[in-house]
Structure formats: C-alpha cells, structure tokens
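In case you want the letters, here they are:
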Amino acid sequence: MYYGWKIVGVAFITLFVSIGFLFYSYGVFMPILEIEFGSSRLAGSLGLSGMMLTMGLAGPYLGKTVDESSIRNVMITGILLMALGFLLAARANAMWQFQVILASTLGIGAAFSGIIPSQTLVGNWFIRRRGIALGVATMGVSLAGILMPLISTQLIDAIGWRYTFV
C-alpha cells in the first residue's frame, strides 16, 4: 500500500479531533458551561467565536510556516497545544478563563493541527488521485460532525464535562 494513504489516515484523524471535537461538540457543552459558570449563552458563544477568530488570524502565519518548515513539527506543536488547552479548559473556574483558553491555546492548536497543514501534507504526497486523497482526509471533519456530539454527550453523562475535556 502506498504510504501516502497512511498520511491521509493521519490527516483524517487529526481533522476529526482538531476541528470536529471543538466545533461540532461545543453545542453539547454550552448548556453545561452556562450552568457551571452561571453565564449566558452569549458568553459561551464568545469563546467559540474567539477560537474561530484566532484560527482565522493564524492562517497567513501558518501558511508561511508550513511552507518554510516541517509540517510534522507544525502539526505536533498544534496537537500539544490542543492537549494543553483541553487540560487547562477542564480546570477553568470562570467563563472568562474558559473563553481565553479557547481563543488562545485551543484556537492556535486547532489551527496548527487543522486544515492548512493537513491539506498541505496530503497534497504533498499525491499527484494522481490528489482530489480523492484530500476528500477522504477532509471527511474526518464531517464524520466528527456526526459522531462527536453523540460521543461527547455520552462522556459528559458518564464522567462529567471536565473529565470529558481531559
């Protein structure tokens, strides 16, 4: 089997977690965070908005970084930042702390392990069947939209939102 397909699998999983968990599962966490922190829906939404803004603003820098350095190092940095962000978010004591973690550590981590480096990585491994490879890798985001809210709901019910983040 061509090694590039293993790269597609890595990109699929990375996109499943980095985009799928953060974006698609957030609605499951929102009512719980409102109760936990005594905040409004607006305050909860600001965290996700801040994260998306951070990811967007990171794009030009990230594109340059991916072109000039190792994609592996960029993605590993993103994965480590996401892991740190999830651990910090699980320990947040106030909504503003949660918002800052989403907009900084998790947002940068998701950008550095998300669409730009994953698509560049897959694109570098394929000339023929590049479109199929990119489509399969990107399916990780869509599959996360189906599965992650269900998985998150089950985990929250079983172990609570903080341990779900961990």
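For the structure, check the block above.
Everything quoted here is computed from the prediction, not taken from an experiment.

Peer 1: Whenever I open this one, the overall build of the chain confuses me. Can you help?
Peer 2: When helices and strands are tallied, the chain shows eight helices and zero strands. Scaling as 2.2 N^0.38, a compact globule of 166 residues should have a C-alpha radius of gyration of about 15 Å, and the chain matches this with 16 Å. Evaluated residue by residue, the chain yields a buried proportion of 46% over its 166 residues. Pairs at least 24 apart in sequence give 80% of the contacts found in the chain among residues at least 6 apart. Split by element, the accessible area of the chain, about 8,700 Å² in all, is 68% carbon and sulfur.

Peer 1: Help me understand the packing of aromatic side chains, please; the structure alone is not making it clear to me.
Peer 2: Two measures describe an aromatic ring pair: the distance that separates the ring centres and the angle between the ring planes. All chains considered together, the criterion is met by 13 aromatic pairs. With centroids separated by 5.4 Å and ring planes inclined at 85°, the aromatic side chains of Tyr 2 and Phe 126 adopt a geometry described as edge-to-face. Of the two residues, Tyr 2 is situated in the segment before α1 (3-24) and Phe 126 in the loop between α6 (115-125) and α7 (130-159); the sequence distance between them amounts to 124 residues. Exposure remark for Tyr 2: the relative accessible area of 42% places this residue in the partly exposed category. Considering the side-chain rings of Tyr 61 and Phe 112, the 6.2 Å spacing of their centres and the 35° angle between planes classify their relative orientation as tilted. Placement of the pair is Tyr 61 in helix α3 (residues 41-68) and Phe 112 in helix α5 (residues 95-113), with a sequence separation of 51 residues. The rings of Phe 29, Phe 37, Phe 86, Phe 98, Trp 161 and Phe 165 are connected pair by pair, giving a single aromatic cluster.

Peer 1: Please explain helix α2 (residues 26-37) as it appears in this structure.
Peer 2: Because an α-helix completes one turn every 3.6 residues, residues spaced three or four positions apart along the sequence face the same direction. With 12 residues, α2 should cover 16 Å at 1.5 Å per step; its first-to-last C-alpha distance of 15 Å lies within 8% of that length. Against α1, α3, α5, α7 and α8 (161-165) lie the buried residues of α2. Looking one or two residues beyond α2, the residue adopting positive phi is Gly 38, at roughly 60°.

Peer 1: Would you mind showing me how to read the nonpolar core here?
Peer 2: General note: in soluble globular proteins, nonpolar side chains tend to be found buried as a group. Core analysis: the biggest nonpolar cluster contains 47 residues, and Leu 22, Leu 33, Phe 98, Leu 106, Val 122, Trp 161 and Phe 165 have the highest contact counts within it. Elements represented by at least two residues in this core include exactly α1, α2, α3, α4 (71-90), α5, α6, α7 and α8. Ignoring sequence-local partners within four residues, the contact set of Leu 22 consists of Val 17, Leu 48, Met 51, Met 82, Phe 86, Leu 102, Leu 106 and Ala 110.

Peer 1: Looking at this model, I keep getting lost on the side chain of Ser 118. Mind explaining?
Peer 2: You can see Ser 118 is positioned in helix α6. Among the residues examined, Ser 118 registers a relative accessible area of 1% and is labelled buried. A polar side-chain atom of Ser 118 sits 2.9 Å from the main-chain carbonyl oxygen of Gly 114.

Reading guide: rules and limits
- Residues numbered from 1 in each chain as written.
- Predicted model: local features only at pLDDT ≥ 70, side-chain atom pairs only at ≥ 80, totals over all residues.
- Heavy atoms only, no water.
- Helix = DSSP H or I, 4+ residues; strand = E, 2+ residues; numbered from the N terminus.
- Rg over C-alpha atoms; globule rule 2.2 N^0.38 Å.
- Buried < 20%, exposed > 50% of the residue type's maximum accessible area, 1.4 Å probe, protein only.
- Contact = heavy atoms within 4.5 Å.
- Areas by Shrake-Rupley, 256 points an atom, 1.4 Å probe, with all protein chains shown as cover.
- Phe/Tyr/Trp six-rings, centres within 6.5 Å; stacked < 30°, edge-to-face > 60°.
- Expected span 1.5 Å × (residues − 1).
- Core = buried A, V, L, I, M, F, W, Y, C linked by side-chain atoms within 4.5 Å.
- Polar contact = N/O pair within 3.5 Å; in protein donor to acceptor, adjacent residues only side chain to side chain.

Take it as geometry only, folks, not as evidence of what the structure does.
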